[in-house]
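Okay, here's what each chain looks like letter by letter:
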Amino acid sequence: MLDVNTIRKDFPMLDGKLMSGHPLVYLDNSATTFKPNAVINAINDFYHNYTSNIHRGEYELSQKADTAYDSVRKIVGGFINCDEKEVVFTAGATNGLNIVAYSYGLANLKAGDEILITLAEHASNVLPWFDVAKKTGAVIRYIDLDEEGRLTPAALEKAMTEKVRIVAFAAVTNVLGYIADVKELCRIAHEYGAVTVVDAAQSAAHIHTDVKDWDCDFMAFSSHKMCGPSGVGVLYGKKALLDAMEPFTYGGGSNARFEKDGTVILKETPEKFESGTPDMEGVIGLGAALRYISEVGMENISAHEKALRDYFMNKIADYDNVEVYNPNGDTGIIAFNVKNIFAQDAASYIGSQGIAVRSGNHCAKLLHNVIGVTETIRASFYFYNTFEDADRLAEAIKTCTIENCIGIFF
Amino acid sequence: MSELLKDPMVLREILLDHYEYPHNHKLTDNPAFKEAHMSSESCIDDIRVQAKITDGIIEDVRFDGRACTISTASTSMMTDLVKGKTIAEAKEIMNNYFAMIDGREFDENMLEEAVALQGVSKQANRIKCATIGWHGLEKLIAESEEENDGK
């Protein structure tokens, strides 16, 4: 059991702030998360005490920055169970997935090859593949989702052919919040020699990540969705794959030397992928976030989110004005609509009650093919949310009438 | 301006009415109408505005699409306000409307029932909703003017 009240004291954003005149209830954690003091202090410490550029200075400050930055690779390696040499720092999950698409996909796909994705993917795991398919002549195909919108190993098995070269999917989907059986999906893809790309943006902060156990080829996540700063993330790739890839961007820091005749000697993996001065404070902040989350404990986090979800679903069970699209969801994400009210109107009213939720298609613009509606409201719980937060959301839904939605403008 | 248009209860009813029973809410295949498809300002609203503009007069204007209360009501009100007006008159109404939504000074008398949307100026995230249909009209007027310049 988590001591949520003690945990909340670690987060300045949870110190009793008001929104629209009400105590803030933050339920937009799938969009981004609040940062604990441990993260804020780690970033401040870099700014206050040892600002310098890494890997270039023969002086003590720079060496301190080097140590702080490089140590995060080891922390990430421990967090996702891989060698630190397999950890590429990126600008976020989107950037990581684009590196895979352009550095790996563009070089290895040819006309007629197949890329398998699902209709539940976020834009960042769809659009790079669309573009790479267009450029290489590869074909995009969709793995069927079951009636709830889940990706199952059986469906992947059915979709696999000898032509499939890439299977890309989210470990946890960003609207319905279903946990995929990543290990089994990777096993099936590998039977056909396909490469697996796991979008872990919505999973890394909520369920245990073990890339060795999953046996995935690539995996990407963002720091800001797991209590770290925005603008930084991680791409994991199996060492042999990363070694064989050309970088997606070139510049300083990633090369050992180059000559006027065009000869370039790149550094080793992962440095060869990290051109330019990186987001040093971001990486250092990510390290602090991973340490913090590990202390809270991933099992505790998953269990608390599930408890909040079950409590909330039970609470609204007899409401007849709400439709939930993932009643059997596995994580703290609830996708719903208030009946007969446009999602944005309802979300604005809920917001006017001090509760932050999101409305729209959440960048999963193909999902309407599965759930039958283009816009939903997404409430997403995290480990620092309370049962009172769930009560507040339920109460706002109960009073969400069209008159009240319009009333916020007067 | 009518005293009634200062009563928040009345304004709320007007807004609700334009949402539930939007005016000029039916598209046409008539080729005399030009169409603006407004779907790229946000990933939510997706509406089409059509207008028949002849000799600088907006003879008819219509709309339909997927939209929230504010998009629907604001576009419905827009059609009422500019139908039968000259382009110059419509532009003046439009400028006053945009001023109201931006929280600047405006002439209430020009906007009639559309003053019900004044409160949107305090909700930055809904300004796109309140202006999407109006931007559609703006586009259609600009196209009409370009065509006439070419003549």
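Residues numbered from 1 in each chain as written. Chains lettered and ligands numbered in written order. Predicted model: local features only at pLDDT ≥ 70, side-chain atom pairs only at ≥ 80, totals over all residues. Heavy atoms only, no water.

Trainee: Give me helix H1 (residues 8-20) of chain B: which residues, what numbers.
Mentor: Since there are 3.6 residues in each turn of an α-helix, residues three or four apart along the chain are aligned in direction. For H1 of chain B, which comprises 13 residues, the first-to-last C-alpha distance of 18 Å matches the rise-based estimate of 18 Å (1.5 Å per residue) to within 8%. Among the residues of H1 of chain B, those classed as buried are Leu11, Ile14, Leu15, Leu16, His18 and Tyr19 of chain B. Close packing links the buried residues of H1 of chain B with helix H15 (402-407) of chain A together with helix H2 (69-82) of chain B. Sitting at the amino-terminal end of H1 of chain B is Asp7 of chain B, which places a side-chain oxygen 2.9 Å from the backbone nitrogen of Met9 of chain B. (Helix = DSSP H or I, 4+ residues; strand = E, 2+ residues; numbered from the N terminus. Expected span 1.5 Å × (residues − 1). Buried < 20%, exposed > 50% of the residue type's maximum accessible area, 1.4 Å probe, protein only. Contact = heavy atoms within 4.5 Å. Polar contact = N/O pair within 3.5 Å; in protein donor to acceptor, adjacent residues only side chain to side chain.)

Trainee: Go over the domain arrangement of chain A, please, and point to the residues and values.
Mentor: Residue and element names in this part refer to chain A. By the assigned domains, chain A splits into domain 1 (4-31 + 297-407) and domain 2 (40-295). Placing a centre on the C-alpha atoms of domain 1 and another on those of domain 2 gives a separation of 29 Å. Contacts between domain 1 and domain 2 engage 34 residues on the former and 35 residues on the latter. Carbon and sulfur atoms make up 58% of the area that domain 1 and domain 2 hide from each other, which totals about 2700 Å². Among the residues domain 1 hides against domain 2, the three largest losses belong to Met298, Asp330 and Leu366. Together they make up 21% of the total. The tally of links between domain 1 and domain 2 comes to 1 salt bridge. Here Arg150 makes a salt bridge to Asp330, at a shortest N to O gap of 2.9 Å. The interface formed by domain 1 and domain 2 contains 20 residue pairs in polar contact (both at pLDDT 80 or more). Of all the secondary structure elements, the ones that give two or more residues to the side of domain 1 that touches domain 2 are helix H11 (298-315), strand E14 (333-338), helix H13 (368-371) and strand E17 (376-380). No other element matches H11, which puts 5 residues into the side of domain 1 that touches domain 2. Of the residues contributing to the side of domain 1 that touches domain 2, the split by class is 18 nonpolar, 11 polar and 5 charged. (Domains from an automatic or database assignment. Buried area = accessible area lost by both parts, 1.4 Å probe. Salt bridge = Lys/Arg side-chain N within 4 Å of Asp/Glu carboxyl O. Nonpolar A, V, L, I, M, F, W, Y, C, P; charged D, E, K, R; others polar.)

Trainee: Can you explain the sheet that holds strand E2 (residues 46-54) of chain B? Please cite residues and give values.
Mentor: Residues and elements named next belong to chain B. Read across the open sheet, the 3 strands follow the order E1-E2-E3; overall the sheet is antiparallel. The two strands at the open ends of the sheet, each matched to only one other strand, are strand E1 (34-38) and strand E3 (57-66). Going from strand to strand, the sheet's axes swing by 15° on average, the running direction of each strand aside. Relative to E2, E1 runs antiparallel, the two being bridged by 5 bridges. Each bridged residue has a counterpart across the sheet, and for Ala36 the counterpart in E2 is Val49. In the packing of H2 onto the sheet, the strands contacted are E2 and E3, and the crossing angle to E3 comes to about 165°. (Pairing = 2+ DSSP bridges. Axes fitted to C-alpha atoms, helices over the stretch in contact; angles between N-to-C directions.)

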